[in-house]
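Report on the structure
The residues making up each chain are set out below.
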Amino acid sequence: MRQLLTTGTRGNPTIDSLSVDAIAYLSQVIEKVGIKGVAIPSSTTINASDGSIHYYDVATAANWSINITDTIDLNTSLDVGQAITVVVMATQSDPAYYNTAVTVDGSAATVSWLGGTAPAAGTVDGIDVYTYTVMKTADATFTVIASINAYA
């Protein structure tokens, strides 16, 4: 059975949090993009509550590490068997830089990179798009599936 779920007017939802265990039929999803207006810092924290897409639109100046967390932390926000995906877009110039380490809630996580190899370079004069899917596999234990796509 299909049922309409309303969350208020466009851009002004009335529901802050919703947990649904069902199949959803969606005609369109609009996502907020956090346009940062700066280069990605050498040590950056991504707060999942700030949205799933983070765009650093100023050219990177160094390699960086990334910590993925939430307002409290992902260990509290996620149940075992749940996941969250975040996207980080890094603008590049020449030379180009890349992500060197991934942590979740400030602790090491198992990271599996698409193709089996972590990045070793950035894309000169392009935008590198990193996608991280963080899966909670046990209490305070996470597996991260990561990929990088180069746009030039």
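Our subject in this report is the structure included herewith.

1. Some words on the sheet that holds strand E7 (residues 83–91)
One open sheet accounts for 6 strands, arranged E3-E5-E7-E11-E12-E10; its pairing is mixed. Each edge of the open sheet is held by one strand with a lone partner, namely strand E3 (33–35) and strand E10 (110–113). The sheet shows a mean angle of 20° between the axes of neighbouring strands, direction not considered. For E3 and strand E5 (residues 53–56), the ladder comprises 3 bridges, and the chain directions are parallel. Bridging from a neighbouring strand, Ile 35 pairs with Tyr 55 of E5.

2. Here's the deal with the packing of aromatic side chains
The final tally for this structure, using the stated rule, is 4 aromatic pairs. When the ring of Trp 64 is compared with that of Tyr 130, the centres are 5.5 Å apart and the planes differ by 75°; the resulting orientation is edge-to-face. Taken together, the residues Trp 64 in strand E6 (residues 64–69) and Tyr 130 in strand E11 (residues 127–138) connect sequence positions 66 residues apart. The residues Trp 64 and Tyr 130 share a single accessibility class, namely buried. Look at Tyr 130 and Tyr 132: their rings are 6.1 Å apart centre to centre, the planes differ by 5°, and that puts the pair in the stacked class. For the pair shown, Tyr 130 and Tyr 132 are each scored as buried. Cluster of aromatic residues (ring-pair linked, three or more members): Trp 64, Trp 113, Tyr 130 and Tyr 132.

3. Considerations on the sheet that holds strand E9 (residues 107–108)
The strand order across the open sheet built from 4 strands is E4-E6-E8-E9, with neighbouring strands paired in mixed fashion. The strands lining the two open edges of the sheet, one partner per strand, are strand E4 (43–47) and E9. Sheet topology note: the E4/E6 ladder contains 5 bridges and is parallel. Bridged to Ser 43 within E6 is Ser 65.

4. Some thoughts on unusual backbone geometry
Cis geometry is found at the peptide bond from Asp 94 to Pro 95, where omega equals 10°. Inspection of the secondary structure assignment puts Pro 95 in the loop between E7 and strand E8 (99–104). The phi dihedral of Asp 125 is positive, around 55°, even though this residue is not glycine. Within the secondary structure layout, Asp 125 lies in the loop between E10 and E11. Judged by its relative accessible area of 56%, Asp 125 falls in the exposed class.

5. Concerning the nonpolar core
Formed by 23 residues in total, the largest nonpolar core has its most connected members in Ile 66, Ile 68, Leu 74, Val 88, Tyr 132 and Val 144. Secondary-structure elements contributing two or more residues to this core are E6, E7, E8, E11 and strand E12 (141–151). For Tyr 132, the contacting residues outside a window of four places in its chain are Ile 66, Ile 68, Ile 84, Thr 85, Val 86, Val 88, Asn 99, Val 102, Trp 113, Val 144, Ile 145 and Ala 146.

Parameters at a glance
Residues numbered from 1 in each chain as written. Predicted model: local features only at pLDDT ≥ 70, side-chain atom pairs only at ≥ 80, totals over all residues. Heavy atoms only, no water. Pairing = 2+ DSSP bridges. Helix = DSSP H or I, 4+ residues; strand = E, 2+ residues; numbered from the N terminus. Axes fitted to C-alpha atoms, helices over the stretch in contact; angles between N-to-C directions. Phe/Tyr/Trp six-rings, centres within 6.5 Å; stacked < 30°, edge-to-face > 60°. Buried < 20%, exposed > 50% of the residue type's maximum accessible area, 1.4 Å probe, protein only. Core = buried A, V, L, I, M, F, W, Y, C linked by side-chain atoms within 4.5 Å. Contact = heavy atoms within 4.5 Å.

This is a description of form; function is not addressed.
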